[in-house]
Amino acid sequence: MARPLRLEFPGAVYHITSRGNARAAIFLDDEDRNLFLGVLAACTQRFNRRHGRAGHVFQGRFKAILLERESYRLELCRYTVLNPVRAKMVEDPADYSWSSYRAMVGTAPGPEWLYTDWLSSQFGKSRTVARERYAAFVAEGFGGTSPWPALKGQVLLGSEHFVESLLPLLEKKGDLKEVPKAQRLAHRPELKAIFTPEARADKKARDSAVRSAYSEFGYPMAAIARELEIHYSTVSKIIKYSAEV
């Protein structure tokens, strides 16, 4: 079974998600949600006992996206509390009981383990001011763009400089064959950077870039074909020719 790439170092910040098995609901009612919050470490077994089910609840291993602190931590905090709005479960994040939004704006107490000080401090020293500014910040995200187009290799969310700074860690993980290729090669350049205007304008340069994208950086032929807007068979012939020469 493939396992996700994990990059760990002191001070790292992650966006953690997990999906219900077969995309099924993880929580069937509020009692399940309270059990999850109260006994997170044992929630899988307690859910199955309560509902007479067997087997695992979550689909595969949890997903951990490593964030660039300065650029994306606030944006992900906003994105998360707006998830119920995007899913059309509620019209306003304040109407959803199962996120940190109410605790952040002071309309409901949060669980003891919920740490809000760092996020609150980003909006002001006064708690009242910080709550008002945080609410305004979240409201500005309605209908905003998703941060996920900036995701690199399925596991890194940050700038090119951020990815480059992780090269030593990524290179150490590069020989783990059970980790998906896209994650092992998270530091690879984007296809647009490989296929520069110069490479696109010259057939020899283009073919060399095709071979590099495929063999050196692990891009699938279909992705290369889409980027260059050429037929898949053309990419295949270019790669096959280089192997025969």
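For clarity, every value in this text was computed on a predicted model and none was experimentally measured. (Residues numbered from 1 in each chain as written. Predicted model: local features only at pLDDT ≥ 70, side-chain atom pairs only at ≥ 80, totals over all residues. Heavy atoms only, no water.)

A.B. asks: What is the right way to read the environment of G106 from this model?
C.D. replies: Note that G106 resides in the loop between helix 5 (101–105) and helix 6 (117–121). For G106, a relative accessible area of 39% translates into the label partly exposed. G106 sits 26 residues away from E132 along the chain, and the two C-alpha atoms are 9.8 Å apart. (Helix = DSSP H or I, 4+ residues; strand = E, 2+ residues; numbered from the N terminus. Buried < 20%, exposed > 50% of the residue type's maximum accessible area, 1.4 Å probe, protein only.)

A.B. asks: Sorry, what's going on with the environment of F137 here?
C.D. replies: By secondary structure assignment, the location of F137 is in helix 7 (residues 127–139). Along the backbone, F137 and F123 are 14 residues apart, and their C-alpha atoms lie at a distance of 9.0 Å. The contact partners of F137, leaving out residues within four places of it in the chain, are L74, R78 and F123. (Contact = heavy atoms within 4.5 Å.)

A.B. asks: Is there a simple way to explain the pattern of salt bridges in this structure?
C.D. replies: In a structure, side chains of opposite charge can pair up when their charged atoms sit close to one another. Scanning the model with the defined rule gives six salt bridges in all. E75 is paired through a salt bridge with R78; the nearest N and O atoms lie 2.8 Å apart. Of this pair, E75 and R78 are both found in helix 3 (residues 69–81), three residues apart, which corresponds to roughly one turn of the helix. Its relative accessible area of 11% is what places R78 among the buried residues. Salt-bridge contacts for R206 lead to D207; the nearest nitrogen and oxygen are separated by 2.9 Å. As far as the burial class goes, R206 and D207 line up, both buried. (Salt bridge = Lys/Arg side-chain N within 4 Å of Asp/Glu carboxyl O.)

A.B. asks: Can you walk me through the packing of aromatic side chains in this structure?
C.D. replies: Given two aromatic rings, one states the distance between the centres and the angle between the planes to describe the pair. According to the stated counting rule, one finds three aromatic pairs in the structure shown. For the pair Y101 and Y134, a centre-to-centre distance of 5.7 Å together with 35° between the ring planes defines the contact as tilted. With Y101 in helix 5 and Y134 in helix 7, this residue pair connects regions lying 33 residues apart in the sequence. The exposure class of Y101 is buried, given its relative accessible area of 8%. Aromatic side chains F123 and F137 sit 5.3 Å apart centroid to centroid with 50° between the ring planes, which places their arrangement in the tilted category. Remark: F137 occurs in helix 7 and F123 occurs in the loop between helix 6 and helix 7; sequence separation between them is 14 residues. (Phe/Tyr/Trp six-rings, centres within 6.5 Å; stacked < 30°, edge-to-face > 60°.)

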